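Here are the chains, one letter per residue:
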Number of protein chains: 2
Amino acid sequence: MASKVIGLRERNRQHRVGLILGAASRLFAQGGYDSTRIEEIAEVAEVAPATVYNYFTNKANILTALAARHVYSSWAERSAYVQNPPSDPVEAVQGFERLLADQAMRTLGRECWRVIMAAPYLQPGSRLHRAGIIFGWLIERHYRRMLRTFQERGQLDADVDIRALAELITAIGTYHFGRRVSDENMTLDTLKQDIERHVLITFLGVMPRQARPDAPGVLARH
Amino acid sequence: MASKVIGLRERNRQHRVGLILGAASRLFAQGGYDSTRIEEIAEVAEVAPATVYNYFTNKANILTALAARHVYSSWAERSAYVQNPPSDPVEAVQGFERLLADQAMRTLGRECWRVIMAAPYLQPGSRLHRAGIIFGWLIERHYRRMLRTFQERGQLDADVDIRALAELITAIGTYHFGRRVSDENMTLDTLKQDIERHVLITFLGVMPRQARPDAPGVLARH
DNA sequence: TATAAAAAAAGAGCCAACTCTAATTTTTTG
DNA sequence: CAAAAAATTAGAGTTGGCTCTTTTTTTATA
């Protein structure tokens, strides 16, 4: 007992936030981020426009909340993947990037992710920016978990700095996610190949001789 | 002879464009990109606001032109570096990234680069976006040139896919340039170390045994 | 030099995010 | 249940990028 007693005021607050986020989520998905006016969101949420500003300082701030919700709700799925990855490291990384992208697109739509990716540049220090950094750390942690598994399996040199490697792989993944989001015409296949090339090179130096991939493509002359 | 005769009309056009770009460059450097209003630019350039829009469809479009000017004017310096890089590959990459960053900051200022880095996300398909892609290709070419030199020196396996490697290094560089530009508080030293860690791992697998670095840090447990 | 073509300038106006202030309503508290 | 506290709401206003139309000026051409 003594579970924190929530007053009516607080309950209303949470309810309203829920309404606003729900409305925003639907409208963003439907009409896109830019063309959705805050007035609209307020209208659908059955709330005054000023109230939206009361809870969220920015339009981008609403997106922050949605993104946070997404990150939280999809955590278990990522975690499961990472604890039992495919046997081939390169394939495992590709698969994880694929999972991340699928999860991302499932909830927010490309235009929203564009805004999120642009936030560090347009609003440095904003909540959206900080949220992005933290999400990066989370992914890095997932990769560390994955890499440790590979180490236990003997597919990775024992003396590799897992932290640095996870950092690099996260960077590569983030870079390519950015390309995917910004380029409408990029095929998933091209992207997959690009990631493969880069991850292959990355792994080349840190795998024990016998586990090293033949590196088709990497060692082939162009 | 028969050198293209430029009419008065064309000469005026070029002159005006020069005035506008000059004014924009000064004002962006002085007051920042966001706070510089197009009206101001017009005023300083002694031109009507409507005329600015006549030559540049966007505010961002003005930035495109400035960036293009920068890329062109600093090409020789980059080219010189790349043709005679430091003996250590990792150091060479670090040095080139440093050169790129220095060149960048020399002409445009952090805030402008933020806008440029955000362009692929906010205005996909825009001139600024395309310009960024092309600049990426240029850097990749520089790296290919550098890597070929290392190959000739025997510091790189003969059968490495130069193209893929240059692509990866460019990606790493771009990623870190983005971090540098977006994070006000990041020290150049931290950044340098991060780049070093990543490039070290990258090179580990593609260098001949005897040329391989001791990889201090990479092979150390964290 | 007169006429046609092209470009620049003036100026009004749209749009949507965001701000501010002054009610009005709701919730808490004594 | 009344007074105090807190939040919602209405509504007017600001800002700056951008558009559009019309007039004026400049340049090219016959």
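What you see is a predicted model, and the numbers here were worked out from it, not measured in a lab. (Residues numbered from 1 in each chain as written. Chains lettered and ligands numbered in written order. Predicted model: local features only at pLDDT ≥ 70, side-chain atom pairs only at ≥ 80, totals over all residues. Heavy atoms only, no water.)

It is not clear to me how the protein's contact with DNA strand C should be interpreted in this structure. Could you clarify?
Near DNA strand C, the surroundings consist of 18 residues, among which A:Leu8, A:Asn12, B:Thr51, B:Asn54 and B:Tyr55 are the closest. Those atoms of DNA strand C that come within 4 Å of the protein belong to sugar or phosphate at a rate of 87%. A:Asn12 places a polar side-chain atom, nitrogen or oxygen, 2.7 Å from a phosphate oxygen of DNA strand C. At 3.3 Å from a phosphate oxygen of DNA strand C is found a side-chain nitrogen or oxygen belonging to A:Asn58. (Near = heavy atom within 4 Å. Polar contact = N/O pair within 3.5 Å; in protein donor to acceptor, adjacent residues only side chain to side chain.)

Can you walk me through the protein's contact with DNA strand D in this structure?
In the neighbourhood of DNA strand D, 19 residues make up the surrounding shell, with A:Ala48, A:Thr51, A:Asn54, A:Tyr55 and B:Asn12 lying closest. One of the side-chain nitrogen or oxygen atoms of A:Arg9 is found 3.3 Å away from a sugar or linking oxygen of DNA strand D. At 3.0 Å, a backbone N or O of A:Ala48 approaches a phosphate oxygen of DNA strand D. Elements with a minimum of two residues in the surface near DNA strand D: helix 1 (8-31) and helix 3 (49-55) of chain A together with helix 1 (8-31) of chain B. For the surface near DNA strand D, the per-class residue count stands at seven nonpolar, six polar and six charged. (Helix = DSSP H or I, 4+ residues; strand = E, 2+ residues; numbered from the N terminus. Nonpolar A, V, L, I, M, F, W, Y, C, P; charged D, E, K, R; others polar.)

So what exactly am I meant to see when it comes to the packing of helix 6 (residues 89-107) of chain A against helix 9 (residues 162-182) of chain A here?
Any two packed helices are characterised by the angle at which their axes cross and by the distance between the axes. Residues and elements named next belong to chain A. Put simply, helix 6 and helix 9 touch, their axes get as near as 11 Å, and they point 45° apart. With respect to each other, helix 6 and helix 9 are oriented oblique. Handedness of the crossing formed by helix 6 with helix 9: right-handed. Contacts between helix 6 and helix 9 involve Val93, Glu97, Ala101, Ala104 and Met105 on the former and, on the latter, Ile169, Gly173, Phe177, Arg180 and Val181. By residue class, the composition of the contact of helix 6 with helix 9 is seven nonpolar, one polar and two charged. (Axes fitted to C-alpha atoms, helices over the stretch in contact; angles between N-to-C directions. Parallel < 35°, antiparallel > 145°, perpendicular 65-115°, else oblique. Left-handed = near helix turned anticlockwise from the far one by under 90°. Contact = heavy atoms within 4.5 Å.)

Got a minute to help me understand the nonpolar core in this structure?
Side chains of a nonpolar character, in soluble globular proteins, are inclined to be buried together. In this structure, A:Phe28, A:Leu63, B:Phe28 and B:Leu63 are the most contacted members of the largest nonpolar core, which totals 65 residues. In this view, A:Leu63 contacts A:Phe28, A:Tyr33, A:Leu108, A:Cys112, A:Val115 and A:Ile116; residues no more than four positions away in its chain are not counted. (Core = buried A, V, L, I, M, F, W, Y, C linked by side-chain atoms within 4.5 Å. Buried < 20%, exposed > 50% of the residue type's maximum accessible area, 1.4 Å probe, protein only.)

Explain the packing of aromatic side chains here, please?
Each aromatic ring pair is summarised here by two numbers: the centre-to-centre distance and the angle between the ring planes. Residue and element names in this part refer to chain A. Counting across every chain of the model gives eight aromatic pairs over all chains. Ring geometry for phenylalanine 28 versus tyrosine 33: centroids 5.0 Å apart, planes at 55°, classification tilted. The two residues phenylalanine 28 and tyrosine 33 agree in class, both being buried. An aromatic cluster is present here, built from Tyr81, Phe96 and Tyr143 joined pairwise through their rings. Between the NZ or CZ atom of lysine 59 and the centre of the ring of tyrosine 33, over which it lies, the distance is 4.7 Å. (Phe/Tyr/Trp six-rings, centres within 6.5 Å; stacked < 30°, edge-to-face > 60°. Lys NZ or Arg CZ within 6 Å of the ring centre and 35° of its normal.)

Got a minute to help me understand the pattern of salt bridges in this structure?
For side chains of opposite charge, pairing can occur when their charged atoms come near one another. Counted under the stated rule, the structure contains 22 salt bridges over all chains. B:Glu40 is paired through a salt bridge with B:Arg37; the nearest N and O atoms lie 3.8 Å apart. The partner of B:Asp102 in a salt bridge is B:Arg98, with the nearest N and O atoms 3.3 Å apart. Of this pair, B:Asp102 and B:Arg98 are both found in helix 6 (residues 89-107), four residues apart, which corresponds to roughly one turn of the helix. Residue classification places B:Arg98 among the partly exposed residues on the basis of a relative accessible area of 47%. The network of salt bridges with shared partners includes A:Glu167, B:Arg179, B:Asp194 and B:Arg197. (Salt bridge = Lys/Arg side-chain N within 4 Å of Asp/Glu carboxyl O.)

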